[in-house]
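# A look at the structure
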Amino acid sequence: MKRLFYHLLLLMIGMAIVTPANARELRPGGKLLLTGGVSTVEGSAGGGLATWSLIAGNETDAGIGGTAHATIVALPDFDLKSIGGAIGIRNRVELSYAHQVFDTRGAGAALGLGRNFKFAQDVFGAKVRLIGDAVYDQDTLMPQISVGVQYRRAAKAEVIAAVGGKHAQGTDFYLSATKVVLSKSLVLGATVRFTKANQFGLLGFGGDRSDTYHPQFEGSAGVLVSRRLLVGAEIRTKPNNLGFAREQKAYDAFAAWQFQRHFSVTAAYTDLGDIATVKRQRGAFLSLQASF
């Protein structure tokens, strides 16, 4: 899987290099506000929870842009922190990275792991826009469609094995479509992800119930209340690979405010369902993003 990831990464970079925009001078900026998405907890452009087909950064097809993010998800019994960034190349290719730390706080003791036991994960991503432009193709129903890959490397392999996880590393593949309907001030997105990840990969990949890829759905819908404010909701399904704890769908309702050309903040109410037998993990999502 790791070799396949690197081969796909090289292919995506090559596709960006041979675009017609290659003959034009690189220039920064150019996108409409909020049309590069915000940072997901995995580092890619999206709505926070769900991945979108949009390419990170403020660049057009004649430039290079990027983002950096810091995110916290505060739940009743757990905390998730994520830091990372992404580079957008000619609005065609996105390369992203995120480092996640999942703090079990007091629940760690109840689970036999020890108070404040922490899981961690590194997520390396690559995305390429195949066809369409979510913003500028307003005269057609065709959305922007992108394909992507994320290689995940989780820590605590011995604990992952103890709870039934088969692997501490894994690769996700996804196909994503996003459409911005300016006349209705709507942002719509849908993604199909093929994954083995347990709790987004923090509890490894595959398990005692299943060790095969399962298609999962990520959906988003938002309204541009103004050119600087987007409000909406998301849903994300997850596979159910581990026998000791059933996974549930994740939801959020979010507001993304781009208060300055290069800075935005996203706040959300999120429901991640039950996590590792601990019930009803609903709480707050807060993410700060810088972009260029």
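Everything below is about the structure shown above.
Here's a quick rundown of the structure. (Residues numbered from 1 in each chain as written. Predicted model: local features only at pLDDT ≥ 70, side-chain atom pairs only at ≥ 80, totals over all residues. Heavy atoms only, no water.)

### Regarding the environment of Tyr-251
To be explicit about the condition: The secondary structure listing takes helices from DSSP runs of H or I that are at least 4 residues long and strands from runs of E that are at least 2 residues long, numbered from the N terminus. For every residue, the accessible area obtained with a 1.4 Å probe (protein chains only) is divided by the maximum for its type, and the residue is called buried under 20%, exposed over 50%, and partly exposed between those limits. Two residues qualify as a contact provided that any one of their heavy atoms is within 4.5 Å of a heavy atom in the partner residue.
For Tyr-251, the location among the structural elements is in strand β12 (residues 250-260). Using a relative accessible area of 39% as the deciding quantity, one classes Tyr-251 as partly exposed. The spacing of Tyr-251 and Ala-45 is 206 residues in sequence and 17 Å in space, taken between C-alpha atoms. Ignoring anything within four residues of it in the chain, the contact list for Tyr-251 reads Leu-49, Glu-234, Ile-235, Tyr-269, Thr-270 and Asp-271.

### Re the pairing of strand β10 (residues 214-226)
As a reminder, the rule being used: Here, a strand pair is defined by DSSP locating no fewer than two bridges between the strands.
The pairing of strand β9 (residues 186-195) with β10 spans 10 bridges and is antiparallel. Opposite Gly-189, over in β10, you have Ser-220 as the bridge partner. With 8 bridges joining them, β10 and strand β11 (residues 229-236) adopt antiparallel strand pairing. Counterpart to Gly-222 in the pairing with β11 is Gly-232.

### Structural notes on the pattern of salt bridges
What counts here: Any Lys or Arg side-chain nitrogen found within 4 Å of a carboxyl oxygen on Asp or Glu counts as a salt bridge.
On inspection of all chains with the given rule, the structure shows 16 salt bridges. Between Asp-122 and Arg-153 there is a salt bridge, with the nearest N and O atoms lying 3.5 Å from each other. Of this pair, Asp-122 sits in strand β6 (residues 118-131) while Arg-153 sits in strand β7 (residues 144-154), and the two are 31 residues apart along the sequence. Among the residues examined, Arg-153 registers a relative accessible area of 37% and is labelled partly exposed. Linking Glu-218 and Arg-236 is a salt bridge whose minimum nitrogen-to-oxygen distance equals 3.5 Å.

### A word on the side chain of Lys-179
Worth spelling out the cut-off: Only four residue types enter the tally: Lys and Arg on the positive side, Asp and Glu on the negative side, with His and both chain ends excluded. Throughout this description, a polar contact denotes any pair of N or O atoms lying within 3.5 Å of each other; where both atoms belong to protein, one of them has to be capable of donating a hydrogen while the other can accept it, and for residues adjacent in sequence the pair is counted only when both atoms sit in side chains.
Note on placement: Lys-179 falls in strand β8 (residues 169-181). For the buried Lys-179, no salt bridge is present, and the opposite-charge side chain at shortest range is Asp-137, 5.8 Å distant. Only 2.9 Å separates the side chain of Lys-179 from the backbone oxygen of Thr-140, close enough to count as a polar contact. Those residues in contact with Lys-179 that lie beyond four places of it in its chain are Ala-134, Asp-137, Gln-138, Thr-140, Leu-141, Met-142, Pro-143, Leu-186, Val-187 and Leu-188.

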